[in-house]
Amino acid sequence: MGVDAKVRLKTLRMLSNGVYVLTSRSEDRYGAATVTWVSQVSFKPPLIMAAVRRQSNVFKCLAMSRTAVLHIVGDEQQEIARRFFYPTRAESGTINGEAFEEGSTSAPVLASLPAHVECRVERILDADGDHAMVILGVVEAECGERVRPLTVADTPWQYGG
């Protein structure tokens, strides 16, 4: 007997997920996306897992450059997160309208978000689904203003199931 699709959807959407913006750069190509399937997976060395849509521009950039920046989105920054639902537009020192600087890994660091982690791609695990699991090794971290992180439960958005 199979799993009831409505029950599966409802149940999987109850998993707690934060809202983050992941950026990367490969030469002159930029990628940025809002991601929600993220978790720390190791203390020593510090490693983070992010599930990234395989067909996305950010995935293509991080697979080529092997660098990325994971940005924490504050609970009052829902509109910024929404800007990264759409295709990446890099122009005049901005990505999707948000100012950025080049980080120590050359990946873009968004100035408007309160904290970020610069990373090197340690491994990409592709399980043949629509997302790949990207294991990121922490290179740098910066925390400016201390804020409450935005979670999917705080938004009208649904992602998962």
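Rules and cut-offs
Residues numbered from 1 in each chain as written. Predicted model: local features only at pLDDT ≥ 70, side-chain atom pairs only at ≥ 80, totals over all residues. Heavy atoms only, no water. Core = buried A, V, L, I, M, F, W, Y, C linked by side-chain atoms within 4.5 Å. Buried < 20%, exposed > 50% of the residue type's maximum accessible area, 1.4 Å probe, protein only. Contact = heavy atoms within 4.5 Å. Helix = DSSP H or I, 4+ residues; strand = E, 2+ residues; numbered from the N terminus. Pairing = 2+ DSSP bridges. Polar contact = N/O pair within 3.5 Å; in protein donor to acceptor, adjacent residues only side chain to side chain. Salt bridge = Lys/Arg side-chain N within 4 Å of Asp/Glu carboxyl O.

So, about the nonpolar core. If you look at the biggest cluster of nonpolar residues, it comprises 19 residues, and the most contacted ones within it are L22, V38, V52, L62, L70, V134 and L136. Those residues in contact with V134 that lie beyond four places of it in its chain are I48, M49, A50, V52, F59, L62, V121, R123 and I124. Y30, A32, I80 and F100 belong to the second largest nonpolar core, which has 15 residues in total.

Further remarks concern the pairing of strand β1 (residues 20-26). For β1, the buried fraction is high: six of the seven residues fall into the buried class. Here seven bridges tie β1 to strand β2 (residues 29-35), and the two strands are oriented antiparallel to one another. From the neighbouring strand, V21 faces β2, where its bridge partner is T34. Taken together, the four bridges between β1 and strand β5 (residues 67-72) define a ladder with antiparallel strand orientation. What sits directly across from V21, in β5, is H71.

With that settled, the discussion passes to unusual backbone geometry. Of all residues except glycine, most have a negative phi; of all peptide bonds, most are trans. The step from K44 to P45 runs through a cis peptide bond, and the omega angle for that step is -5 degrees. Inspection of the secondary structure assignment puts P45 in the loop between β3 (38-42) and β4 (47-53). The phi dihedral of S92 falls on the positive side, at around 50 degrees, and the residue is not glycine. Within the secondary structure layout, S92 lies in the loop between β6 (90-91) and β7 (94-95). In this model, N96 sits at a positive phi of 50 degrees, which is unusual for a non-glycine residue. Counting through the fold element by element, N96 comes out in the loop between β7 and β8 (98-102). Classification of N96 as buried rests on a relative accessible area of 3%.

The next point concerns the side chain of E98. Mapping E98 onto the fold places it in strand β8. Relative accessible area serves as the criterion here: at 7%, E98 is assigned to the buried category. Among the polar contacts made by the side chain of E98, one reaches the side chain of S112 at a distance of 2.5 Å. Setting aside residues up to four positions removed in sequence, E98 forms contacts with I80, R83, F84, G93, L110 and S112.

What follows concerns the sheet that holds β7. Spatial strand order, β6-β7-β8-β9: four strands in an open sheet with antiparallel pairing. The sheet is open, and its two edges are formed by β6 and β9 (108-110), each paired on a single side. Two elements, β6 and β7, share two bridges in a ladder whose sense is antiparallel. What sits directly across from A90, in β7, is I95.

Once that is clear, we can look at the pattern of salt bridges. Taken as a whole, this structure holds six salt bridges when the rule is applied. Notably, a salt bridge pairs R148 with D75, separated by 3.8 Å at the nearest N-O pair. Residue R148 is located in the segment after β11 (131-143), and its partner D75 is located in the loop between β5 and α3 (78-83); the two are separated by 73 residues in the primary sequence. Exposure remark for R148: the relative accessible area of 47% places this residue in the partly exposed category. For D75, a relative accessible area of 30% corresponds to the partly exposed category. For R82, the salt bridge goes to E79, with nearest N and O atoms at 3.1 Å. Of the two residues, R82 and E79 are both situated in helix α3; the distance of three residues between them amounts to about one turn of the helix.

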